[in-house]
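Analysis of the macromolecular model
Chain by chain, the residues:
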Amino acid sequence: MGTRPDAEPRPAGTPKIVGVVWGLLVLNTLGSAGAKTIVPLPRSLIQMATMGALVAAFALALAVNLRLRIRASAYVLLLTLLLVLSVISSADLESGFGALFRCARLALFVGTLWLLSRWWDGGLTFVRHHIRMYFAVLGSVAAGLLISPGAAMPELYGGRLVGALWPLTPPQIGQYAAVIIGLTVLLVLGRRTDRTSAAVVIVPSLVLLALTHTRTATLGLLIGLVLAIGSLILTSAAARRFFTWAVLCAVVAAVGFASALQAWFLRGQSKENFSNLTGRAKVWDALLAAPRSPSEQLFGVGLGDKSFGGLPIDNSWLAVYNEQGLIGVTLVAAFIIVLGGVALLRPPSLQRACAIFLISYCAIASYTEAGLGDASPYLLHLALAASLLAVPAAATPLSTREGSTSEVSTSEVPRRRIPRWAQRSEVT
């Protein structure tokens, strides 16, 4: 997306290949399950592509960071502990050999984040990579809609938008659209992009979000933006104006289009189906009522496909409890709390607002979507938040950079103060 003349440049020393690595991580987290595509794609082929993208991302990150320079990150450290826990819980193969494969995938994912942490400096470079890559994914969704509207909005999903070229479900599309809409709105408020480029991203994404009828993504977008913009109100006149106009528009929409909004929100469901969250509550109750040994309660049964009894769990906390136990739930809660706490302690800034939006969105989505315990877009969103909250590294002294003190200029050597009595003695 375009940038304003006063937008901050790409930080010196950040290789362009880092953006390629980030894009490969996005590709890996797209998953391999979803709607039927126009051209049938074998799931094994999609899995090879996504796993190959992760291996390539790790290899490129290692190639560009051969000296293994990393930055301290509480978030990635907690992810590493979650990885260790996942290996322990999967070692007895209660969930099959697929659990070890998922552990290997999570290991490569976390390792790539460690290698990329070298360039986490609190800048907006990774935000732009994030927006561009997910906008490209949404572009494939829009292309599938234009090529075959029937395949893109099948009756199997109640006429909701799905990926017709790459198998993507409505919640996935809604998530990607909501995240890039929120980040782009914040970039506009921070004057880091021009309005034309922002409109090119926001308008099509809003249309796709509406076609998915995804309530979680919509609520996450609205609440996340309220919290993020609220953190800028005291320091940004643009944020105050936007917030005022947004409230007025929301009131008008609620009054004038109440019936249409209610119909969109209910998606033709009965009140009983809506109250049990489209059947999710039944799966949750069965999972919590299932007998577990003490070790399964603490460590879980190992990484799986986020399902219970053949049905998707669709709740990050219960999925983590099932696969990584109470210890896993504690670790996931810890990195959410740590990121949120650091964001609240930072002074108001655009980077802080973007981090607050991402953290709040992932926290809201965790109630009806799984993904916080395994390599997923949600962990990637939180990694982006961690990069935004990182403190810029101090400038390296010239002597350290060049490995020698003999080339330090005389202007950098501290001057000794000569006492007055010594100066008088030299004159005499």
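See the structure shown above.
Residues numbered from 1 in each chain as written. Predicted model: local features only at pLDDT ≥ 70, side-chain atom pairs only at ≥ 80, totals over all residues. Heavy atoms only, no water.

1. Re the packing of aromatic side chains
Evaluated as defined, the whole model comprises 5 aromatic pairs. Taken together, a centroid distance of 5.3 Å and an interplanar angle of 85 degrees make the contact between Tyr75 and Phe335 edge-to-face. Within this pair, whereas Tyr75 is found in helix H3 (residues 74–90), its partner Phe335 is found in helix H15 (residues 316–345), the two being separated by 260 residues in sequence. Here Tyr75 and Phe335 have matching classes, each one buried. When the centroid spacing of 5.4 Å and the interplanar angle of 70 degrees are considered together, the rings of Trp284 and Tyr367 count as edge-to-face. Here Trp284 is found in helix H13 (residues 280–289), whereas its partner Tyr367 is found in the loop between helix H16 (350–365) and helix H17 (377–389), with 83 residues between them in sequence. (Phe/Tyr/Trp six-rings, centres within 6.5 Å; stacked < 30°, edge-to-face > 60°. Helix = DSSP H or I, 4+ residues; strand = E, 2+ residues; numbered from the N terminus. Buried < 20%, exposed > 50% of the residue type's maximum accessible area, 1.4 Å probe, protein only.)

2. Observations regarding unusual backbone geometry
In this model, Leu68 sits at a positive phi of 55 degrees, which is unusual for a non-glycine residue. Examined against the element boundaries, Leu68 turns out to sit in the loop between helix H2 (43–64) and H3. Of note, Lys306 is a non-glycine position whose phi angle comes to about 60 degrees, a positive value. The buried category is assigned to Lys306, whose relative accessible area is 16%.

3. Thoughts on the pattern of salt bridges
If you walk through the whole model with that rule in mind, you get 4 salt bridges. Close ionic contact of Glu323 with Lys306 constitutes a salt bridge, the shortest N to O distance being 3.2 Å. Placement of the pair is Glu323 in helix H15 and Lys306 in the loop between helix H14 (294–299) and strand S1 (307–308), with a sequence separation of 17 residues. Of the two residues, Glu323 and Lys306, neither departs from the other in class, the shared state being buried. Here Asp374 makes a salt bridge to Lys306, at a shortest N to O gap of 3.2 Å. Taken as a pair, Asp374 in the loop between H16 and H17 and Lys306 in the loop between H14 and S1 lie far apart in primary sequence, 68 residues in all. Classification of Asp374 by relative accessible area gives buried; the value is 5%. Each of Arg280, Asp314 and Glu369 takes part in salt bridges that share partners, so that together they form one network. (Salt bridge = Lys/Arg side-chain N within 4 Å of Asp/Glu carboxyl O.)

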